[in-house]
Every structure is written in C-alpha cells, then in structure tokens.
Amino acid sequence: MKEYLVARQKMVDEALEALLPKSTVKPKTIHKAMRYSIFAGGKRLRPILCLAAAECCGGKPGTAIPLACAVECIHTYSLIHDDLPCMDDDDLRRGMPTSHKVFGEAVAVLAGDALLTFAFELASEVPGWPRHPLKEVIRELAVAAGSRRLIAGQVVDLESEGKKVSVPLLRFIHESKTAALLSSSIRLGAMSANAGSVQLQNLSAFGKALGLAFQVIDDILDVTQTSETLGKSAGKDVSAEKATYPSVVGLERSRQIARKLTQEAHSSLKPLGRKAEILHGLADHLLSREY
Ligand code: GRG
C-alpha cells in the first residue's frame, strides 16, 4: 500500500505540475498562490481514490487523471477558503503558513476561486464516456462542490460552532463537507472507466461510508495528535467549539463508529471481488492513518 500511495502521489503531482498554469504566467501572483497551496504537501487521497476506482472498474489511471486533478483543485480551494480569517482563521496548513498569511486575504480568496474554476476547465477536457457523457461528469463535480454538499457542510459547520449538535446534524455536516467530494472522486474515477450502474452504486456506497469514516478519524486526530504531525493546528476543533464526533459522542465511541463505517465501506466492495483489492487497502490505510 505504501508503494502504491507513493507511486500514485507522484503521478498526481506530475500531472498537476504539467496542467496548472505556470507561475510565470501573468499575473504571476495568482498562479504562484495557486501553486503554493497545491504543492504545499497534501496527501492526494481524493485523486488517488479516483484513480483506484477507475482501475477497479477496468479503466486506466491515465484516462482518469484530469478528473483526479480536478477534485484535488476543488479540495485545495476549500482548504484555502476554510483557513481564511472570516472562516476558521488558521495559519498552518499542510505544514506551511496558510495562503492568506503568505499572499494576503484578497489573493488567497482569488487563488481559491481560481482553483475551483480551473477544476471545471480540467474536467471539460475529458471526452465523456458512453454510459457517462461529459454533462454527467461536470454535474457530478458541480453538485459535490455546491450549496447542497460541500458548501452546505461548511455553512452548517460554521452555524453550529458553540452549539449543542445532535448526531444526525453532525452526520449531515460530515457527509456534506467531507464525504460528498470524497465519494464523487470515487464516482468520477468509475465514470472514466465507463462503469455500469451496479458498479457505480457499490462504489458510491463505499465512498459515502469511507468519506464519513475519514471525517470521524479527522475529528479524532484533531484531539489526539500534535500540530507537527498533522501539518495543521491540532486542537482547533475544541478551541473553536466545533461539532465533532469526539465532542458529541466521546473519543471511544468515535473510534467504534470509525471502525464500523470502515467495515461498511469494505462490505460495499464485496460484489466487486478482487478488482477492489486496492480500494480495500486504501480503506484500511485511512482507518489507521496518523495524520
Ligand atoms: C470553504 C467551501 C468551503 C468549504 C470548506 C473542506 C472544508 C469545507 C473545510 C476544510 C477543513 C475540514 C475539516 C475539512 C474536512 C475535510 C478534511 C478532513 C480535509 C483535510 O483533508 P486531507 O487530510 O488534507 O486529505 P490534505 O492536506 O492531505 O489534502
């Protein structure tokens, strides 16, 4: 798994390097800011899941790579905006000073905007596939990034700070702000391999459970790891009185929930047989991750 992750990270990094506008393109500031956050050292989990889902459905990683890069651009945009003073107000991300600390708030907002827009430029360059025309591919990305998923999660997350939150509302926040894009990354990979409806259904169920497990684990790591290990400010959820699994159900119950969700993710892959081996491995890797 370690070798697979390193090889795929390299593939994604090389593609992003080739696809993103160079930092010499005018105006240099915005392209430098976009590249700064993209290459600040993310784990590339969403693009790797996209490539692995494509392979699981018999496709080639090379075909899925523009979509893998598109989801990483949307993810990075969300991190830049989330770190802004008007949102989570953070100064550390991916082990580096946040975008607004380096480039100022205006450029950080614009770098996020530009990465979000660029994701759709990348996605528009794939041909579409017989079962999944380009229109469906673009819609998948747009819905995941929009006001009923990623942005919905962020809005309810901000509105819930300092309040007592029910488990269903907490689940809504996590499914929207984290699981939606993660699950779409997997679905887009499958679409690039012209996956049939049953394959897509199984992978969607996998993505939903894995995405929620990922955020529950992220909540746990926030209270159990150091900022140095995480590359972002640890303990931030507690100080900002965020709605998290450990704050709502406790640390031990959160661990149980993460394990149960990971088990659900594995079960969703059963009908896909041995072709899903890498996805099984990725699910276990995410459960045991330390950052
Ligand atoms: C600002 C529109 C908007 C949305 C923000 C994604 C998000 C919503 C906020 C970022 C903070 C946060 C808790 C996000 C949840 C998803 C998450 C755990 C992100 C970190 O993902 P990793 O660990 O990060 O994959 P790297 O840096 O490795 O890519």
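Residues numbered from 1 in each chain as written. Predicted model: local features only at pLDDT ≥ 70, side-chain atom pairs only at ≥ 80, totals over all residues. Heavy atoms only, no water.

> Honestly, the site of the ligand in this entry has me stumped. Any pointers?
Of all residues adjacent to the ligand, which total 20 residues, the nearest are Lys43, Arg46, His75, Arg94 and Gln215. Here Lys43 contributes a side-chain N or O atom positioned 2.6 Å from an oxygen atom of the ligand. Here the ligand, which alone exposes 710 Å², has 93% of that area covered by the protein. Counting only elements with at least two residues in the shell around the ligand, the list comes to α3 (45-56), α4 (61-82), α8 (150-160), α9 (167-192) and α10 (197-224). For the shell around the ligand, the element with the most residues is α4, which contributes six residues. Counted by class, the shell around the ligand contains seven nonpolar, seven polar and six charged residues. (Near = heavy atom within 4 Å. Polar contact = N/O pair within 3.5 Å; in protein donor to acceptor, adjacent residues only side chain to side chain. Areas by Shrake-Rupley, 256 points an atom, 1.4 Å probe, with all protein chains shown as cover. Helix = DSSP H or I, 4+ residues; strand = E, 2+ residues; numbered from the N terminus. Nonpolar A, V, L, I, M, F, W, Y, C, P; charged D, E, K, R; others polar.)

> How should I be thinking about α8 in this particular structure?
What sets the pattern is the α-helix's 3.6 residues per turn: residues three or four places apart point alike. Within α8 the residues assigned to the buried category are Leu150, Ala152, Gly153, Gln154, Val156, Asp157 and Ser160. In this structure, the buried residues of α8 make contact with α4, α7 (134-145) and α9. (Buried < 20%, exposed > 50% of the residue type's maximum accessible area, 1.4 Å probe, protein only. Contact = heavy atoms within 4.5 Å.)

> Can you help me understand the side chain of Thr244 in this one?
Examined against the element boundaries, Thr244 turns out to sit in the loop between α12 (236-239) and α13 (245-249). Look at Thr244 and you get buried, because its relative accessible area is 6%.

> What am I meant to see in the packing of α4 against helix α6 (residues 105-124) here?
Each pair of packed helices can be described by the angle between their axes along with the distance between the axes. Remark: α4 packs on α6, axes separated minimally by 8 Å, with the N-to-C direction vectors making an angle of 160°. Looking at the two axes, α4 sits roughly antiparallel to α6. Once α4 is placed against α6, the crossing between them reads as left-handed. Every residue of α6 that contacts α4 at Pro66, Leu67, Cys69, Ala70, Cys73, Ile74, Thr76, Tyr77, Ile80 and His81 is listed here: Ala108, Val109, Ala111, Gly112, Asp113, Leu115, Leu116, Phe118, Ala119, Phe120, Leu122 and Ala123. (Axes fitted to C-alpha atoms, helices over the stretch in contact; angles between N-to-C directions. Parallel < 35°, antiparallel > 145°, perpendicular 65-115°, else oblique. Left-handed = near helix turned anticlockwise from the far one by under 90°.)

> Help me understand the nonpolar core in this model?
Leu67, Cys73, Ile74 and Leu115 are the most contacted members of the largest nonpolar core, which has 41 residues in total. Elements supplying a minimum of two residues to this core: α1 (2-19), α2 (28-38), α3, α4, α6, α7 and α9. Per element, the largest residue contribution to this core is eleven residues, and it comes from α4. Aside from chain neighbours lying at most four places away, what touches Ile74 is Leu116, Ala119, Phe120, Leu141, Ala145, Leu150 and Leu181. Listed in part, the 28 residues of the second largest apolar core include Leu45, Ala52, Ile186 and Leu200. (Core = buried A, V, L, I, M, F, W, Y, C linked by side-chain atoms within 4.5 Å.)

Read these as layout, nothing more, since geometry by itself doesn't imply function.
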